[in-house]
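Fold and geometry: a report
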Amino acid sequence: MTENSEVIDTSLQQVLFERYPAEAIRQLEQLEPEEIARILSAHSPKIAGKIWDRFSPELGARVIDELPDNYTNDLFSRLDPNKAASFFRVLDAGKREKLLDHLEPYIANDLKRAIEYQPDTAGALMDGKVMYFRSDMTVGEALNVLRRRPKRTYRKLYTVDDQNRLIGMVEIEEIALADHATLLSELERSSPAVVSVTANREEMVEIFEKYRVTDLPVVDFDRRLLGVVRHHVLVNAALEENSADLQTMVGASRDERALSTIGFAVRKRQPWLQINLLTAFMAASVVGIFEGTIAQFTALAVLLPVVAGQSGNTGAQALAVTMRGLALKEVYPRMWPRVLFKGFSSGFWNGMAVAIMCGIGVYIWS
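Residues numbered from 1 in each chain as written. Predicted model: local features only at pLDDT ≥ 70, side-chain atom pairs only at ≥ 80, totals over all residues. Heavy atoms only, no water.

**Remarks on the overall build of the chain**
To keep it simple, the criterion reads: Helix and strand assignments follow DSSP, with helices taken as H or I runs no shorter than four residues and strands as E runs no shorter than two, numbered in order from the N terminus. Per-residue accessibility, obtained with a 1.4 Å probe over protein chains only, is compared with the maximum for each type, and a residue is labelled buried under 20%, exposed over 50%, and partly exposed between these values. Any two residues whose heavy atoms approach within 4.5 Å are treated as being in contact. In this description, accessible areas are obtained by the Shrake-Rupley approach with a 1.4 Å probe, and a residue is regarded as covered only by the protein chains that are shown.
Per the secondary structure count, the chain includes 20 helices and six strands. Counting across all 366 residues of the chain, residues that qualify as buried make up 33%. Considering only contacts within the chain whose residues lie at least 6 apart along the sequence, 56% involve residues at least 24 apart. Accessible area of the chain: about 23,100 Å², with a carbon and sulfur share of 59%.

Below, the structure is given as structure tokens:
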């Protein structure tokens, strides 16, 4: 390959990375980590930033393992600490220590902070690159601060006191329309929702669905502002929470993934399977009561799968409706007598209707 063709390839890759990152990541995922590292190292992390944002933790860590030290230092200085931490957690301990030794101290500290929090907590998902503004600052001063910072999209500015405790927030539209001499304290209002740094994903999703916020401030136990959980992170968390609810409906753990270890899957599924086994024996005992009748009329044995199928459908309907009610906060555990009565009554009347139709069908068939 000539030098000119290499320059052309690099230029085309840059265009692909910047304009079509989704297509670029699909192509890169087909390559070996060594080849991906060779391609990306030819471009600065600033150019390939959209690519790194789309890497899975596992693949990203394998690619980082192949990169030269000087490139990783620049890469981690530009990556969001929480995204970098997702790669960092996958690396082995030796590689992590080696990387930390080569990184600038402030970058290493951000990484350590992001890794300290449990996965799926507010601390692990938050964006720590949040700017503080004092209530006694004027709008003009706030705008000057914004102009000196790297170009980013801001929806809200958060105001804090001298101890960096969260006071309130100011919408960026109000900043744009206000007089430059106006104090931020005249524009600020209390944030409708604040979340603790240790809050789990379920708590964040509940607050998100209740208040419909675009960003969720994260504070520590002294209400000091630590970061913000951005809107796209909240949306992804809500989607993951809903998919986890689907798993719990069939007795699988909400923590299990498609590639979880066999031991983890067995350990989490066994309790549900044992309960199902018990209920299956209970159903079999009911059938056993009519064993003599079934032996006398063998045609009834043919209908046993129909009974089992209909009972399974009825249980699945009741489970789905109840789980949805719990997810939407329409019912609470203390309401179990009403839910049980409704399930029993609807099951009885649906059973009567199905029995009549089944009797008519069997009469015509036999």
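Continuing now.
**Section: the pattern of salt bridges**
Under the convention used in this document: Think of a salt bridge as a Lys or Arg side-chain nitrogen and an Asp or Glu carboxyl oxygen that are within 4 Å of each other.
Overall, the coordinates contain six salt bridges when judged by the stated rule. Measuring nitrogen to oxygen at the nearest pair gives 2.7 Å for the salt bridge that ties E171 to R189. Separated by 18 residues along the polypeptide, E171 in strand β3 (residues 166-171) and R189 in the loop between α13 (184-187) and β4 (195-196) bring together distant segments of the chain. Given a relative accessible area of 19%, E171 falls into the buried group. Residue D215 is joined to R230 by a salt bridge in which the shortest nitrogen-to-oxygen separation is 3.7 Å. Pair noted here: D215 is in the loop between α14 (201-211) and β5 (216-219) and R230 is in the loop between β6 (225-229) and α15 (231-249), with a separation of 15 residues, a long-range link. Each member of the salt-bridge network shares a partner with another, and the members are D220, D222 and R224.

**A few points about the confidence of the model for the chain**
Low pLDDT marks regions whose predicted coordinates should not be analysed in detail. The line we're drawing: A score from 0 to 100, pLDDT tells how confident the predictor is in each residue.
Here the chain averages 79 in pLDDT, and 89% of its residues register 70 or above. In the predicted structure, residues 1-8 sits below a pLDDT of 50 and forms two contacts with residues beyond four places in sequence or in another chain.

**What to know about a negative patch on the surface**
Filter applied, for reference: Patches in this entry comprise residues that are over 30% relatively accessible and not in a salt bridge; like charges within 9 Å are linked, as are nonpolar side chains (Val, Leu, Ile, Met, Phe, Trp, Tyr) within 5 Å. When charges are tallied, Lys and Arg are placed among the positive residues and Asp and Glu among the negative ones, while His and the ends of the chain are skipped. Lysine's charge is taken at NZ, arginine's at CZ, aspartate's at CG and glutamate's at CD.
Where like charges cluster on the molecular surface, the negative patch consists of E202, E203, E206 and E209. When you line up the elements, E202 lands in helix α14. The exposure class of E202 is partly exposed, given its relative accessible area of 45%.

**Focus: the nonpolar core**
The tendency in soluble globular proteins is for nonpolar side chains to be buried side by side. For the record, the criterion: Here, nonpolar core means buried Ala, Val, Leu, Ile, Met, Phe, Trp, Tyr and Cys residues that are tied together by side-chain atoms lying within 4.5 Å of each other.
Ranked by internal contacts, the top residues of the largest apolar core, which has 33 residues, are L40, W52, F55, I64 and F76. Breaking this core down by element, the ones donating at least two residues are α2 (21-28), α3 (33-40), α4 (49-52), α5 (57-64), α6 (69-78), α7 (81-88), α8 (93-102) and α9 (105-116). When residues no more than four places from it in sequence are discounted, the contact partners of F55 are I25, I36, L40, G60, K83 and F87. Core analysis: the second largest hydrophobic core is formed by 20 residues, Y117, A124, A193 and I207 among them.

**Things to note about the side chain of E171**
Filter applied, for reference: Any pair of N or O atoms that falls within 3.5 Å is considered a polar contact. Within protein, one atom must be able to donate a hydrogen and the other to accept it, and sequence-neighbouring residues count only if both atoms are side-chain atoms.
In this structure the side chain of E171 is engaged in a polar contact, spanning 2.7 Å, whose partner is the side chain of R189. Once residues within four sequence positions are removed from consideration, E171 is found in contact with R155, K156 and R189.

**A few points about the packing of aromatic side chains**
To be explicit about the condition: Stacked, edge-to-face and tilted labels apply to pairs of Phe, Tyr and Trp rings (six-membered ring for Trp) whose centres lie within 6.5 Å, assigned for plane angles under 30 degrees, over 60, and everything in between, in that order.
Taken as a whole and assessed by the stated rule, the structure comprises three aromatic pairs. Centroid distance F76 to F88: 5.9 Å. Interplanar angle 85°. Geometry classified as edge-to-face. Pair noted here: F76 is in helix α6 and F88 is in helix α7, with a separation of 12 residues, a long-range link. Per residue, the accessibility class of F76 equals that of F88, and both read buried.

**Quick notes on the pairing of β3**
Using the following cut-off: When DSSP finds two or more bridges between a pair of strands, those strands are recorded as paired.
Among the six residues in β3, five count as buried, and that is most of the element. As paired elements, strand β2 (residues 156-160) and β3 share five bridges and run antiparallel to each other. Looking across to β3, one finds that T159 is bridged to G168. Counting the residues between successive antiparallel strands, the hairpin from β2 to β3 contains five residues, one of them, N164, with a positive phi of roughly 65°.

**Some words on the sheet that holds β5**
Strand order in the open sheet formed by three strands is β4-β5-β6, with mixed pairing between adjacent strands. Each end of this open sheet is capped by a strand with a single partner; those strands are β4 and β6. Where β4 meets β5, two bridges bridge the pair, whose relative direction is parallel. Of the residues in β5, the one forming a bridge with V195 is V218.

**Observations regarding the sheet that holds β3**
Where strands meet in a sheet, backbone hydrogen bonds hold them as pairs that are either parallel or antiparallel. Selection criterion: Only the contacting stretch of a helix is used when fitting its axis, a line to C-alpha atoms as for every element, and angles between N-to-C directions run 0 to 180 degrees.
Taken in spatial order, the three strands line up as β1-β2-β3 in an open sheet, and their pairing is mixed. A single partner strand is all that each edge strand has here, and the edge strands are β1 (132-134) and β3. Taking each pair of neighbouring strands and ignoring which way they run, the sheet shows an average axis angle of 45°. For β1 and β2, the ladder comprises three bridges, and the chain directions are parallel. From the neighbouring strand, R134 faces β2, where its bridge partner is V160.

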